[in-house]
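Coordinate inspection notes
So the chains spell out like this:
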Amino acid sequence: METIRCLILGSGPAGYTAAIYAGRANLNPVVYEGLQPGGQLTITTEVENFPGYPEGVDANQMMDDIRRQAERFGAEIRQQTATAADLSKRPYVLTFDDGSQVACHTLIIATGASAKFLGLADEEKYRGMGVSACATCDGFFYRKKTVAVVGGGDTACEEASYLAGLAAKVYLIVRKPFLRASKAMQQRVLDNPKIEVLFETNTLGLYGEGGVEGAHLVHKKGTPEERTYDLPIDGFFLAIGHRPNSELFRPALPCDETGYIITENDSPRTVLPGVFAAGDVADPHYRQAITAAAAGCKAAIEAERYLMEQGL
Ligand code: NDP
């Protein structure tokens with residue numbers, strides 16, 4: 001079986017940055033791109049908050065650039081997706097969707113997280129045309145416009161507050177009669193005159209010519225007071241949680257109750273020697289391209305140290 005010195009799973013900013021550093025350190029990294037080459041960023045349009053791009057950059061272009069930068073330093077990029085991981089002994093063995101298996105001395109898990117969507121066909125139809133799961137990424141395009149955020153947790157409240165700083169009006173669509181967010185976060189939303197909370201409300205669909213122009217909503221569904229109506233909006237933001245892509249590594253790697261891989265404080269080290277977790281799969285807090293890239297860098301440096309210590 002082929003044995004790789006540094007195997008990187010995932011091709012977002014964390015995975016590719018790890019590959020750049022590992023390549024430059026002569027670790028001969030192999031990156032498995034997974035199901036979504038380029039990662040979550042490729043579902044947004046423009047990136048305006050990544051340092052080094054004063055005019056902003058197309059998200060797909062940026063990921064393509066980072067990938068080519070990794071290749072320039074010798075990273076090999078493969079297309080398969082991992083389907084199983086045997087972390088019970090070293091070297092670790094991974095199985096891929098084409099049935100192939102490889103062993104590795106170090107493993108950098110940069111499989112990211114996936115934003116949850118409601119599952120409406122219209123979310124797909126208007127993806128990148130008014131539908132977004134990231135206010136920090138796309139909020140800027142809705143300056144002085146009207147947007148809706150779906151969700152009642154801390155993320156939704158945070159996204160609604162962030163958007164209220166840019167948009168003219170923010171609706172928060174909450175399916176329950178109360179918010180689940182922390183008290184402080186709830187208060188911030190309720191005190192903001194630009195935010196209107198629509199409790200006990202669900203989204204049935206979206207409408208618009210060439211982009212979102214509104215949402216079909218239902219209030220108090222399934223009760224005698226049920227009422228459906230259309231809400232004109234320019235942007236529709238999902239904030240109903242993220243699912244870290246960590247299933248393959250459980251229970252070998254401890255995860256928190258949401259599934260984020262637990263790493264040592266301020267380090268991508270996991271409980272297993274030579275296994276590192278970087279980016280959104282291990283970060284419930286920041287979830288930014290720049291923080292993921294930084295974690296990828298740290299993981300590659302840790303992998304290099306580990307290989308040296310082990311004489312590998
Ligand atoms: P949560 O799981 O806490 O909240 C998800 C919200 O989305 C809930 O209001 C839930 O409704 C709603 N929701 C879920 N599915 C649907 C659906 N299909 N239709 C409509 N609404 C839906 O996720 P968060 O991302 O908000 O938070 C995750 C964790 O991260 C939490 O522990 C949170 O505290 C933490 N966090 C902390 C922050 C901070 O401290 N600054 C910032 C962001 C997150 P319902 O209540 O009905 O289930």
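Rules used throughout
Residues numbered from 1 in each chain as written. Predicted model: local features only at pLDDT ≥ 70, side-chain atom pairs only at ≥ 80, totals over all residues. Heavy atoms only, no water. Near = heavy atom within 4 Å. Polar contact = N/O pair within 3.5 Å; in protein donor to acceptor, adjacent residues only side chain to side chain. Areas by Shrake-Rupley, 256 points an atom, 1.4 Å probe, with all protein chains shown as cover. Helix = DSSP H or I, 4+ residues; strand = E, 2+ residues; numbered from the N terminus. Salt bridge = Lys/Arg side-chain N within 4 Å of Asp/Glu carboxyl O. Pairing = 2+ DSSP bridges. Patch = residues over 30% accessible without salt bridge, like charges linked within 9 Å, V, L, I, M, F, W, Y side chains within 5 Å. Lys, Arg positive; Asp, Glu negative; His and termini not counted. Charge placed at Lys NZ, Arg CZ, Asp CG, Glu CD. Axes fitted to C-alpha atoms, helices over the stretch in contact; angles between N-to-C directions. Left-handed = near helix turned anticlockwise from the far one by under 90°. Contact = heavy atoms within 4.5 Å. Nonpolar A, V, L, I, M, F, W, Y, C, P; charged D, E, K, R; others polar. Disulfide = S-S within 2.5 Å. Buried < 20%, exposed > 50% of the residue type's maximum accessible area, 1.4 Å probe, protein only.

As for the site of the ligand
Neighbouring the ligand are 13 residues, the closest being Asp154, Thr155, Arg175, Lys176 and Arg180. The backbone of Gly153 places a nitrogen or oxygen atom 3.3 Å from an oxygen atom of the ligand. Between the ligand and the protein, one listed contact pairs an oxygen atom with a side-chain N or O atom of Arg175 at 2.8 Å. About the coverage of the ligand: the protein hides 69% of its 910 Å² of free accessible area. A total of three residues in the shell around the ligand trace back to one element, the largest contributor, which is helix α5 (residues 154–164).

Some remarks on the pattern of salt bridges
Inspection of the entire model under this criterion finds 13 salt bridges. Taking the shortest distance from any N to any O, the salt bridge between Lys89 and Asp86 comes out at 3.2 Å. The network of salt bridges with shared partners includes Asp64, Asp65, Arg67, Arg68 and Glu71.

Here's the deal with the sheet that holds strand β11 (residues 146–150)
Sheet strands pair via backbone hydrogen bonds, and the direction of the pair is either parallel or antiparallel. One open sheet holds the five strands; their spatial order is β10-β17-β11-β12-β13, and the pairing between them is parallel. Two strands lie at the open edges of the sheet, namely β10 (131–132) and β13 (195–198), each paired on one side alone. As paired elements, β10 and strand β17 (residues 235–238) share two bridges and run parallel to each other. Pairing of Val131 across the sheet is with Phe236, part of β17.

Quick notes on a positive patch on the surface
On the surface, Lys116, Arg175, Lys176, Arg180 and Arg243 cluster together into a patch of positive charge. Assignment of secondary structure puts Arg243 in strand β18 (residues 242–244).

Some thoughts on the sheet that holds strand β16 (residues 227–232)
Strand order in the open sheet made by the three strands is β14-β15-β16, with antiparallel pairing throughout. Each having just a single partner strand, β14 (201–207) and β16 make up the two edges of the open sheet. This sheet shows a mean twist of 25° between the axes of neighbouring strands, independent of strand direction. Here strand β15 (residues 214–219) runs beside β16; their pairing, made up of six bridges, is antiparallel. Paired with His219 across the strands is Arg227, a residue of β16.

Topic: the packing of helix α1 (residues 13–24) against helix α7 (residues 289–309)
Where α1 meets α7, the closest approach of the two axes is 7 Å, and the angle between their N-to-C directions is 35°. With respect to the hand of their crossing, α1 and α7 are arranged in right-handed fashion. In this structure, α1 contributes Pro13, Ala14, Thr17, Ala18, Tyr21 and Ala22 to the contact, and α7 contributes Ala289, Ala292, Ala293, Gly296, Cys297, Ala300 and Ile301. Across the contact of α1 with α7, the residue classes break down as eleven nonpolar, two polar and no charged.

Structural notes on the pairing of strand β6 (residues 82–86)
For β6 and strand β7 (residues 92–96), the ladder comprises four bridges, and the chain directions are antiparallel. Looking at the pairing, Ala85 lines up with Leu94 of β7. Here β6 folds back onto β7 in antiparallel fashion, the turn holding five residues.

A few points about the state of the cysteines
Disulfide: a covalent bond formed between the sulfur atoms of two cysteine residues. Overall, the coordinates contain one disulfide when judged by the stated rule. Note that Cys134 is cross-linked by a disulfide to Cys137, the S-S spacing being 2.0 Å. Its S-S torsion of about 75° marks the bond between Cys134 and Cys137 as right-handed, since a negative value means left-handed. Classification of Cys137 as partly exposed rests on a relative accessible area of 23%. Not part of a disulfide, Cys104 finds its nearest cysteine sulfur in Cys6, a span of 8.5 Å.

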